[in-house]
Amino acid sequence: MKTYVTRRLLILIPILIGVSIIVFLLIASIPGDAIDAKFGASRLPAEKIAEMKALLGLNQPVGVRYLNWLKNALHGNLGISTQYNLPVATVIHDFIWNSFLLAIVSFVLELLIAIPVGVLSATKIHSFFDNLFTVLAFAGISLPSFFLALLLQKGFAVDWKMLPMDGMHTVGVTLAGGAYLMDILSHMILPVICLTTISVGGAMRFVRTSMLDVINQDYIRTARSKGLPERIVIYRHALKNAAIPIITYIGNSLPGLFSGALITETVFAWPGIGKIFLESIAKRDYLFMMGYVMLVALLTMLGNLLADILYSVADPRIRLK
Amino acid sequence: MKKRKITGFASFALAACLLLSSCNGGSTASKAANSAPASSASSDASSAAGTQADSEEKMIAATDPSKLPAAASGRKDTLVVGCADLSGIFNQLYASSADDWHVSVPISGAQLLDNDDKGEMIPGTATYKVSDDGLTYTFTLKDGDKYSDGSPVKAEDYVNSVKVICDKSYDGPLSPLYNYNLVGAQDYHDGKAKDISGIKVDGNKIEFKLSAPNASAIYQLGTIIPISTAKYGSLIKQGDVSGIKNLSMINYVTNGSYTLTDYKAGQSATMKANPNYYKGAPKIPNIIVKVVAEGEEMQAVTTGNVDIDDEVTCNDDQVAIGQQAGFVNMWVQPTLGYGWVGLNHKNDLFKDQKVRQALLYALDRKSLVNSVYGQYAHVQNINQTAQSWLYTEDGINTYDYDLKKAASLLQEAGWTKDANGSLTKDGKPFKFTFSATKGNAVTDVMLPMMIDAYKQLGINMQAEYVDWPTLQQKFEKQTYDMAFMAWGLTPDPDDSYVYCTGGSENYLAYSNPELDKAYKTALTLTDDNQRKAQYAKVYQIINNDLPNFIIYQRSDCVAFNTRIKNFACAPYNLIYNQYYKYELQ
């Protein structure tokens, strides 16, 4: 197990380098650069523009720029974001935890709803309950997030004034301790409802399908026939075996917990990383784009590794070598 | 959401193109919210877009202040201002977005000069004199100006920011002053001199010497703000001004109207009144600038989340929402800027003046403006707005929509329709591509209109969509045929860099010796009457020769609740120049 994890972590290094080369080349090939985006259509003299591009090293060949980036990145320096004039790591740190807060809460809610509902749907297939949740799941999946977000905002915040409209804190008041937390919590309700609604349907269908695969197997019939209570049959025998695809799903969700929800964050003016990343593309904030994409790449691979490790926990037949 | 795309777009241009526009506006015909007559939003809806009356400033006053939500009335000493985004770059020497200016302008410092509501420069922290030869600018500081920490503002402090702007490591939006003929600025930039020889400080006097007259210099020199030598002087090193660039602006010692006390990344900035402000201590103790999602500005005001937002899309729908709320005042003013269509003169198609005129005659700008902005915009014909003291309509052709005239002009230019109805000349078809940014409210309507109108003339116009930096690069490299842009103006009327041969921003690749000469003369004049006459000439030449097509001027809407008294805002003096005047009920 230990050697397996070590080996997997070592494999990460060449993969990450490969990813960074591809991403860097892609980013560098987008027309325009940070100075064009910031000072284009400016009356600055051409020499000044050239001087500023040189300050950022944009006049160097792509290969040299990449090696500089790599050298700095290996020393833990991701560079300065041109958009914020702050180290890339600081910008990521400033915004990523806000995104994570929304994402983790809605992810936990999603699992808490999807697993029991999915299991029940599978065991009572084609029942009223199953059909109802199938309809709801597809409704959730098909709802565009901006529409749902605006609808929630209009209803709860603008018309009925029950919840805050946007942001993360109430401005103009000083709150401490419990009141401070309650304030953040009240700001989270609408975005969390929005995020959960659009994602829970998919997870529900996923659990339902995995359970259906398992529930008709011989050993389930055997378990039932030896007189085990239905609850134990379903939750101990069936669910544990249906867990592998669910674990894959959870593992794959890891990068999503940190990558931000662009549309929901934008509508609710939530200071998350999703919006920042989108703007970084429009503003050609190369180093921020690199830092963020590499972080997401790393998280994706760690998510896969985590899923692989959890497989062996869920199913002792899977041995990691 | 639509307008935001435009302003977002415009603010790039604004940010970059145009300098510290109108910081800390001085004596203005400020309009108190409650004393202004209520005028119905629909009262002049009947008048077609295109008349000057449409673009006048007006107040749509609140009708029922009692509806003010508790969320707003509960705030006592604090004003909450909404804006679309905050980047955290709040040093005015580096701030390059109009959103950030909501914070950077009041906290970075007060300028030597302000501008009035016509865009003319008036005394700020100093009075000024220009020598008869137009080469020496002398600023005399007013007595007793102090920083927020109580220390006096000294004349040499103003030199600090000049040094930063002229440094070779400076990478902010301001134009280096050697661009305006300041003696010694280039040598300082190149590291050949330790000081800028053209600047002399004597007691409370600062003297700037130019090597050649430049009418734009006053706008550059006038907008200089001081940097306290005692506090930050050590950060200004020749060849490395990163100390200033990376300086935290929290509790920055300033002679501006407010100081920054807190910043929550991407959320809000909190400012405290500077009691030492030279125009008198601001009446509102605290201001919070808060991020409001694009398109939700009016809701933010009607829910009481923010007290004032100056980025509301100016159209009938938004105004109706504001009126329905009862407690919302809406100040409508023309946006200081215009939208235009650029033509690449390297393309042989556009080299003939008659062709350019035909293409403009074939574009129904009135209908376009009406369908995008309703009554809150009008057709613009020259590259200066009616708010400026230089504006003129004398000798200006309005190019009213006229397809027949367009067709005959094309014929005069030698273009004939072939058997398929396509316009050809010397066997070549009239075919070009329009580059636009996606989701722009104006081009979304304009492109189908143009394609259709030009098709009737036998012209084949295609549209392509790109993002802003890509479009920018197409401009720079002049690899476009036709494209749309919108930008903001500043008090400095000089836009020769856009139109003159070899101008730094002449992406039109346009060259007209007559216009070059007219601009050159305008830049050397310092007498107001002479300048006005000279600029009229400039505008006439451009209007006749059409290097580009100037399309429209839209309006801004500032929505604010009845808590705010002594409201003041003008196209040349936006709200962040005027915070210090506002009071809370």
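Analysis parameters
Residues numbered from 1 in each chain as written. Chains lettered and ligands numbered in written order. Predicted model: local features only at pLDDT ≥ 70, side-chain atom pairs only at ≥ 80, totals over all residues. Heavy atoms only, no water. Helix = DSSP H or I, 4+ residues; strand = E, 2+ residues; numbered from the N terminus. Rg over C-alpha atoms; globule rule 2.2 N^0.38 Å. Buried < 20%, exposed > 50% of the residue type's maximum accessible area, 1.4 Å probe, protein only. Contact = heavy atoms within 4.5 Å. Areas by Shrake-Rupley, 256 points an atom, 1.4 Å probe, with all protein chains shown as cover. Lys, Arg positive; Asp, Glu negative; His and termini not counted. Charge placed at Lys NZ, Arg CZ, Asp CG, Glu CD. UniProt positions renumbered as here; feature names shortened; annotations may be inferred. Pairing = 2+ DSSP bridges. Axes fitted to C-alpha atoms, helices over the stretch in contact; angles between N-to-C directions. pLDDT = per-residue confidence, 0-100. Buried area = accessible area lost by both parts, 1.4 Å probe. Salt bridge = Lys/Arg side-chain N within 4 Å of Asp/Glu carboxyl O. Polar contact = N/O pair within 3.5 Å; in protein donor to acceptor, adjacent residues only side chain to side chain. Core = buried A, V, L, I, M, F, W, Y, C linked by side-chain atoms within 4.5 Å. Left-handed = near helix turned anticlockwise from the far one by under 90°. Nonpolar A, V, L, I, M, F, W, Y, C, P; charged D, E, K, R; others polar. Domains from an automatic or database assignment. Patch = residues over 30% accessible without salt bridge, like charges linked within 9 Å, V, L, I, M, F, W, Y side chains within 5 Å. Phe/Tyr/Trp six-rings, centres within 6.5 Å; stacked < 30°, edge-to-face > 60°. Lys NZ or Arg CZ within 6 Å of the ring centre and 35° of its normal.

Examining the overall build of chain B
What chain B contains, in helices and strands, is 19 helices and 24 strands. Expected size for 585 residues packed as a compact globule is a radius of gyration near 25 Å; at 24 Å, chain B falls within 12% of this value. Each principal axis of the C-alpha distribution contributes one length, and for chain B these read about 80 × 65 × 40 Å. Within chain B, the fraction of its 585 residues that count as buried is 63%. Restricting the contact set of chain B to residue pairs at least 6 apart, pairs at least 24 apart contribute 73%. Put simply, chain B shows about 20300 Å² of open surface, and 49% of that area lies on carbon and sulfur atoms. A gap of 1 Å separates the mean positions of the 54 positive and 65 negative side-chain charges of chain B.

What about the UniProt feature "domain: ABC transmembrane type-1" (unreviewed entry) in chain A?
Residues annotated in UniProt with the feature "domain: ABC transmembrane type-1" (unreviewed entry) correspond here to residues 96-311 of chain A. A helix fraction of 82% and a strand fraction of 0% characterise residues 96-311 of chain A, whose end C-alpha atoms lie 28 Å from each other.

Looking at the sheet that holds strand S5 (residues 126-130) of chain B
Residue and element names in this part refer to chain B. Strand order in the open sheet formed by 4 strands is S5-S6-S8-S7, with antiparallel pairing between adjacent strands. The strands lining the two open edges of the sheet, one partner per strand, are S5 and strand S7 (199-202). Taken over all neighbouring pairs, the strand axes of this sheet differ in orientation by 15° on average, direction set aside. For S5 and strand S6 (residues 136-141), the ladder comprises 5 bridges, and the chain directions are antiparallel. Following the sheet pairing, valine 130 is matched in S6 by tyrosine 137.

A look at the UniProt feature "transmembrane region" (unreviewed entry) in chain A
Residues and elements named next belong to chain A. This chain's UniProt record puts "transmembrane region" (unreviewed entry) on residues 9-30, 95-120, 132-152, 184-207, 246-270 and 290-311. Helix makes up 80% of residues 246-270 and strand 0%. Its end C-alpha atoms lie 29 Å apart. Helix makes up 100% of residues 290-311 and strand 0%, with an end-to-end C-alpha separation of 32 Å.

Examining the environment of Ile107(B)
Residues and elements named next belong to chain B. With respect to the secondary-structure elements, isoleucine 107 resides in helix H3 (residues 101-108). In this structure isoleucine 107 comes out as buried when scored by relative accessible area, which is 1%. For the pair isoleucine 107 and lysine 272, spaced 165 residues apart in sequence, the C-alpha separation works out to 9.3 Å. Ignoring any residue separated from it by four or fewer positions in sequence, one finds isoleucine 107 in contact with Phe90, Met249, Tyr252, Thr254, Tyr258, Thr259, Leu260 and Met271.

Description of the confidence of the model for chain B
All names here are of chain B. In this model, chain B carries a mean pLDDT of 89, and residues with pLDDT of at least 70 account for 91%. Here helix H1 (residues 2-17) stands out as the element of chain B with the lowest mean pLDDT, 34, in contrast to H3, whose mean of 98 is the highest. Long-range and interchain partners of residues 1-54, a stretch whose pLDDT sits below 50, account for 176 contacts in this model, where long-range means more than four residues apart. For this predicted complex, the interface confidence score (ipTM) comes to 0.91, while the overall pTM stands at 0.89.

A short note on the interface of chain B and chain A
Taken together, the contact between chain B and chain A spans 63 residues of the former and 43 residues of the latter. Both sides of the chain B and chain A interface together cover about 4200 Å² of buried area, and 55% of this is carbon and sulfur. Inspection of the region where chain B meets chain A yields 2 salt bridges. As a salt-bridge pair, Asp467(B) and Arg284(A) come within 2.9 Å of each other at their nearest N and O atoms. Remark: the boundary between chain B and chain A carries 11 residue pairs in polar contact (both at pLDDT 80 or more). Mapped by element, the contributors of at least two residues to the side of chain B that touches chain A are H1, strand S2 (78-83), strand S11 (286-291), helix H9 (297-302), helix H15 (468-477) and strand S21 (482-488) of chain B. Sort the elements by how many residues they give to the side of chain B that touches chain A and H15(B) lands first, with 6 residues.

Observations concerning unusual backbone geometry
Positive phi is not limited to glycine here, since Lys161(A) has a value of about 50°. Here Lys161(A) shows up in the loop between helix H7 (145-159) and helix H8 (177-215). For Lys161(A), a relative accessible area of 49% corresponds to the partly exposed category. With a phi angle near 50°, Asp426(B) is a residue other than glycine that sits in the positive phi range. Mapping Asp426(B) onto the fold places it in the loop between strand S17 (423-425) and strand S18 (428-429).

Re the nonpolar core
Grouped together as the largest cluster of nonpolar side chains are 117 residues, with contacts concentrated most on Phe208(B), Ile308(B), Phe567(B), Tyr579(B) and Tyr582(B). Apart from residues no more than four positions distant in its own chain, Tyr579(B) is found in contact with Val81(B), His102(B), Pro106(B), Tyr258(B), Met271(B), Ile287(B) and Val289(B).

Regarding the packing of helix H5 (residues 88-123) of chain A against H8(A)
Residues and elements named next belong to chain A. Between H5 and H8, the shortest axis-to-axis distance is 5 Å and the interhelical angle comes to 35°. Both H5 and H8 take part in a crossing whose hand is right-handed. Across the contact of H5 with H8, the residue classes break down as 22 nonpolar, 6 polar and 2 charged.

What to know about the pairing of strand S22 (residues 548-561) of chain B
Two faces, one strand: in a regular strand the side chains alternate between the faces of the sheet. Residues and elements named next belong to chain B. Burial runs high along S22: 14 of the 14 residues are buried. Across 3 bridges, the pairing between strand S12 (residues 308-312) and S22 is antiparallel. Pairing of aspartate 309 across the sheet is with alanine 559, part of S22. In this sheet, S22 lies alongside strand S13 (residues 328-334) in antiparallel orientation, the contact comprising 7 bridges. Looking at S22, one finds that valine 332 is bridged to cysteine 557.

Remarks on the domain arrangement of chain B
Domain parsing of chain B yields domain 1 (9-23 + 335-556), domain 2 (63-91 + 97-105 + 250-334 + 560-584) and domain 3 (108-245). A separation of 34 Å is found between the C-alpha centroids of domain 1 of chain B and domain 2 of chain B.

Some words on the domain arrangement of chain A
All names here are of chain A. With domains assigned, chain A is organised as domain 1 (2-81) and domain 2 (89-314). Between the C-alpha centres of domain 1 and domain 2 the distance comes to 32 Å. The tally of links from domain 1 across to domain 2 stands at 1 salt bridge. Arginine 8 is the partner of aspartate 308 in a salt bridge, and the nearest nitrogen-oxygen pair spans 2.4 Å. The tally of links from domain 1 across to domain 2 stands at 5 residue pairs in polar contact (both at pLDDT 80 or more). When contributions to the side of domain 1 that touches domain 2 are tallied by element, the ones reaching two or more residues are helix H1 (2-29), helix H2 (34-39), helix H4 (62-74) and strand S1 (80-81). Considering each element in turn, the side of domain 1 that touches domain 2 owes the most residues, 12 residues, to H1.

Some points on the UniProt feature "domain: Solute-binding protein family" (unreviewed entry) in chain B
When the UniProt feature table is mapped to this numbering, "domain: Solute-binding protein family" (unreviewed entry) covers residues 121-504 of chain B. Structurally, residues 121-504 of chain B comprises 28% helix and 24% strand, and the distance from its first C-alpha atom to its last is 25 Å.

Considerations on a nonpolar patch on the surface
All names here are of chain A. On the surface, a cluster of nonpolar side chains totalling about 490 Å² of accessible area is made up of Leu10, Ile13, Ile17, Ile21, Leu25 and Val62. In terms of residue count, H1 provides more of the nonpolar patch than any other element does, 5 residues in total. Mapped onto the elements of the fold, leucine 25 is located in helix H1. Look at leucine 25 and you get partly exposed, because its relative accessible area is 48%.

A few points about the sheet that holds strand S16 (residues 416-417) of chain B
Strand pairs in the sheet, formed through backbone hydrogen bonds, run parallel or antiparallel to each other. Pairing within the open sheet is antiparallel, and its 3 strands lie in the order S16-S17-S18 (chain B). In the strand order of this sheet, the two ends are held by S16 and S18 of chain B, each with one partner.

Quick look at the packing of aromatic side chains
Throughout the structure, instances matching the rule amount to 36 aromatic pairs over all chains. Taken together, a centroid distance of 6.1 Å and an interplanar angle of 45° make the contact between Tyr84(A) and Phe95(A) tilted. Here Phe95(A) lies in helix H5 and Tyr84(A) lies in the loop between S1 and strand S2 (86-87), a separation of 11 residues in the sequence. Residue classification places Tyr84(A) among the buried positions, given a relative accessible area of 5%. Taking relative accessible area as the criterion, Phe95(A) reaches 3% and is therefore assigned buried. Centroid distance Phe90(B) to Tyr263(B): 5.1 Å. Interplanar angle 85°. Geometry classified as edge-to-face. Of the two residues, Phe90(B) sits in the loop between S2 and H3 while Tyr263(B) sits in strand S9 (residues 258-264), which places them 173 residues apart along the sequence. Residue Phe90(B) is classed as buried on the basis of its relative accessible area of 2%. Residue Tyr263(B) is classed as partly exposed on the basis of its relative accessible area of 22%. An aromatic cluster is defined as three or more aromatic residues linked by ring pairs; in this entry it consists of Trp340(B), Phe475(B), Tyr480(B), Trp487(B) and Tyr507(B). Positioned over the ring face of Tyr465(B) is Lys438(B), at 4.2 Å from the centre of the ring.

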